[in-house]
Amino acid sequence: MSTMERFPLKAIRWLFDSERGAFDRLIPRWIFLRALGLIYFSAFFSLVFQIRGLIGPQGILPAADYLPAVARAFPGFSRFWFAPTLLWFSSSSHMLVAVCWTGMIASLLVVVNICPRISLFICFVCFLSFVAAARDFAGYQSDGMLLEAGFIALFFAPPGLRPGWGETHPPSRASMFLLQWEWFRIYFESGYVKLASGDPQWRHLTAIVDYYQNGPLPTWVGWYASHLPHGVHVGTAALTLALELVLVWMMFLPRRFRVILFLIVTPWEIAIILTANYTFLNYLVLFLAVLLLDDRFLARHLPRWMKKPQLSSSADAGPARIQKTDTWSSLVRERFLRFQLSLVVVVLFWVFYATTARLVWMFAPSAPLPTSPVAALEPFRIANQYGLFAVMTPNRYEIEFQGSNDGQNWIVYPFRFKPQDITKAPGIYAPYQPRFDWNLWFASLGPWNRSAIVPRTEARLLANTPDVLSLFAKNPFPNAPPRQIRAVLWQYWFSTIAEKHAQGVWWRRQLLGLYAPRIELEADGKVSVIEWPASAGTPR
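Residues numbered from 1 in each chain as written. Predicted model: local features only at pLDDT ≥ 70, side-chain atom pairs only at ≥ 80, totals over all residues. Heavy atoms only, no water.

Peer 1: What am I meant to see in the overall build of the protein here?
Peer 2: When its secondary structure is counted, the protein shows 23 helices and five strands. Taken over C-alpha atoms, the radius of gyration comes to 26 Å for the protein, in line with the 24 Å a tight globule of 540 residues would show. Counting over 540 residues, the protein shows a buried share of 52%. Long-range pairs, those at least 24 residues apart, make up 75% of the contacts in the protein with a sequence separation of at least 6. Each charge class in the protein was averaged separately, 49 positive and 33 negative side chains, and the resulting centres sit 7 Å apart. (Helix = DSSP H or I, 4+ residues; strand = E, 2+ residues; numbered from the N terminus. Rg over C-alpha atoms; globule rule 2.2 N^0.38 Å. Buried < 20%, exposed > 50% of the residue type's maximum accessible area, 1.4 Å probe, protein only. Contact = heavy atoms within 4.5 Å. Lys, Arg positive; Asp, Glu negative; His and termini not counted. Charge placed at Lys NZ, Arg CZ, Asp CG, Glu CD.)

So this is what it looks like as structure tokens:
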């Protein structure tokens, strides 16, 4: 074989073969995979308490109703591609909880570095099984981020039962780049949509003025941040655009610039974690940034018990030279490894093409790129387009459920996490994700008939359904369900510093009226509507 013929094969192996991977990125990989395991754990831990109320047989959006509809729309095996979920076997409450517990166990195995590839595969399948069947409860960009990172990590992680640092199988350059590529796109695409949306708040650099107040689940740190001088908010908005549109390009520059970029984005993400509850999103972005670093930088900061002699020289190490023997078993192994490498090349290049095409279409929607490879990956959420905070929410609305036995005296269903009691400080819950509370925030931004979640929740409360009631802090009607249920809409504002000092309140609020139809349980067991909202839209 000539030198020119060998070059493509050498290039492919240099990019995709873990045995010829980046020997100077063992520590960043180790840190990222342990963090990914913890992020997976937080996702499954959050779900195990909620999944029955969300998509269980007696939940708000039962998977048992959704999957048969998918089967009717996509006959044959196509249904499994459109909705890739284990819940095809069963969508019972026991199955839902089992998926969560299996995911939690596998995620802990990732954390302790036992069979990381197999454990990551189990995490990916379990989380995808929820996302593929959860409809509105899994429509967040953070879910796509975790699935994309989790899928690429299957090729990034070292093989073996107890691989340790994985010196014999360093991270392949292609998988490492795709994780960095995801990190870059999260920032850059989010920056682009802020300008492309035409939102005047971003154009005038006022987007942060009410940002801390109007997010899904504010924190008490965000309350204090919201009262910083106006100039700080303007500067924060400007820095956000600069970071997302300009500074992230330092990822493609030499090592020194990547270290500087890491030192910029790390405190930035920590500040976001403290001032807003964006579930595991910012934790994932935070630890993806670790992949900007190398062993030489991180080895100086490792605890002494974690250091190994080979790590100090890993950057100068090369692939171990294996003496080849032309035995039958070695030939079979070589052919299998070539097939495996070919499969890795196809899959990772497919993901790269799909993500790159989506980025190109943001700037040139009519670009003549093949769409079929992109569409084929959509059900798996592993090649996504991102765009955080394209348009800032100008106001904060909260939906509140109330029950009554006489239609005059109404008792509130208390939430676990959402703002409700104006004297209660907003907490820091992330990476825990209360999906019910989150979806109610999104629902409040539009009319009640745009989302099925609110009217379905009303119907479940009218029946005192235990799984849905578990999504609330307590059941105010423990003995029997109320005769009537309604959902009202409030507008909330952070209290001023003077109000907090004088009254001890974190919020101010004003009742805007009925949000969704008021329903009643009749004597014959039927549900009837006894009052409709004044308008189909959200009051403004």
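Peer 1: Quick question: what am I supposed to make of the environment of valine 529 here?
Peer 2: You can see valine 529 is positioned in strand E5 (residues 527-531). Expressed as a C-alpha distance, the spacing of valine 529 and glutamine 484, which sit 45 residues apart in the sequence, is 9.5 Å. Not counting residues up to four positions away in its chain, the partners in contact with valine 529 are Pro517, Arg518 and Ile519.

Peer 1: Can you help me understand unusual backbone geometry in this one?
Peer 2: Where the residue is not glycine, phi is negative for most of them; where a peptide bond is considered, it is trans in most cases. The peptide bond linking alanine 430 to proline 431 adopts the cis configuration, its omega dihedral lying at 15°. By the secondary structure assignment, proline 431 is in the loop between strand E2 (411-412) and helix H20 (435-444). Residue arginine 381 is not a glycine yet carries a positive backbone phi of 55°. By the secondary structure assignment, arginine 381 is in the loop between helix H19 (372-377) and strand E1 (396-404). If you check the backbone angles, asparagine 464 has positive phi at about 55° while not being a glycine.

Peer 1: How should the pairing of E1 be read in this particular structure?
Peer 2: Of all nine residues making up E1, nine are buried, and the element is well covered by its neighbours. Of the two faces of E1, the one carrying Arg396, Glu398, Glu400, Gln402 and Ser404 and the one carrying Tyr397, Ile399, Phe401 and Gly403 are both buried. Bridge count between E1 and E2: two bridges; the pairing is antiparallel. Considered in E2, the bridge of glutamine 402 is made with valine 412. (Pairing = 2+ DSSP bridges.)

Peer 1: Quick question: what am I supposed to make of the confidence of the model for the protein here?
Peer 2: Do not read the predicted coordinates in detail wherever pLDDT is low. Here the protein averages 92 in pLDDT, while 94% of its residues score no lower than 70. Confidence over residues 312-317 falls short of pLDDT 50; this stretch has seven contacts with residues more than four positions distant or in other chains. (pLDDT = per-residue confidence, 0-100.)

Peer 1: Mind showing me how you'd approach the pairing of strand E3 (residues 484-494) here?
Peer 2: Taken residue by residue, a regular strand's side chains alternate between the two faces of the sheet. Of all 11 residues in E3, nine are buried, a share of seventy percent or more. Inspection of the sheet shows E1 paired to E3 by nine bridges, in the antiparallel sense. The partner of glutamate 398 across the bridge, within E3, is tryptophan 490. Bridge count for E3 against strand E4 (residues 507-521) is 10 bridges, and the pairing is antiparallel. Directly across from isoleucine 485, in E4, lies its bridge partner isoleucine 519.

Peer 1: How do you make sense of the packing of helix H14 (residues 255-275) against helix H15 (residues 281-288) when you look at a structure like this?
Peer 2: The packing of two helices is summarised by the inter-axis angle and the distance between the axes. Two elements in contact, H14 and H15, have axes whose closest approach is 9 Å; the angle formed by their N-to-C orientations is 170°. With respect to their mutual orientation, H14 and H15 come out roughly antiparallel. Taken together, the residues of H15 that come into contact with H14 (itself represented by Thr266, Glu269, Ile270, Ile272 and Ile273) are Asn282, Tyr283, Val285 and Leu286. Taken together, the residues of the contact of H14 with H15 break down into six nonpolar, two polar and one charged. (Axes fitted to C-alpha atoms, helices over the stretch in contact; angles between N-to-C directions. Parallel < 35°, antiparallel > 145°, perpendicular 65-115°, else oblique. Nonpolar A, V, L, I, M, F, W, Y, C, P; charged D, E, K, R; others polar.)

Peer 1: Before we go on, may I ask you to explain the environment of arginine 203 in this structure?
Peer 2: Within the secondary structure, arginine 203 sits in helix H10 (residues 200-203). Linking arginine 203 and alanine 237, residues 34 residues apart in sequence, is a C-alpha distance of 9.6 Å. Contacts of arginine 203, omitting those with residues within four sequence positions, involve Leu195 and Gly198.

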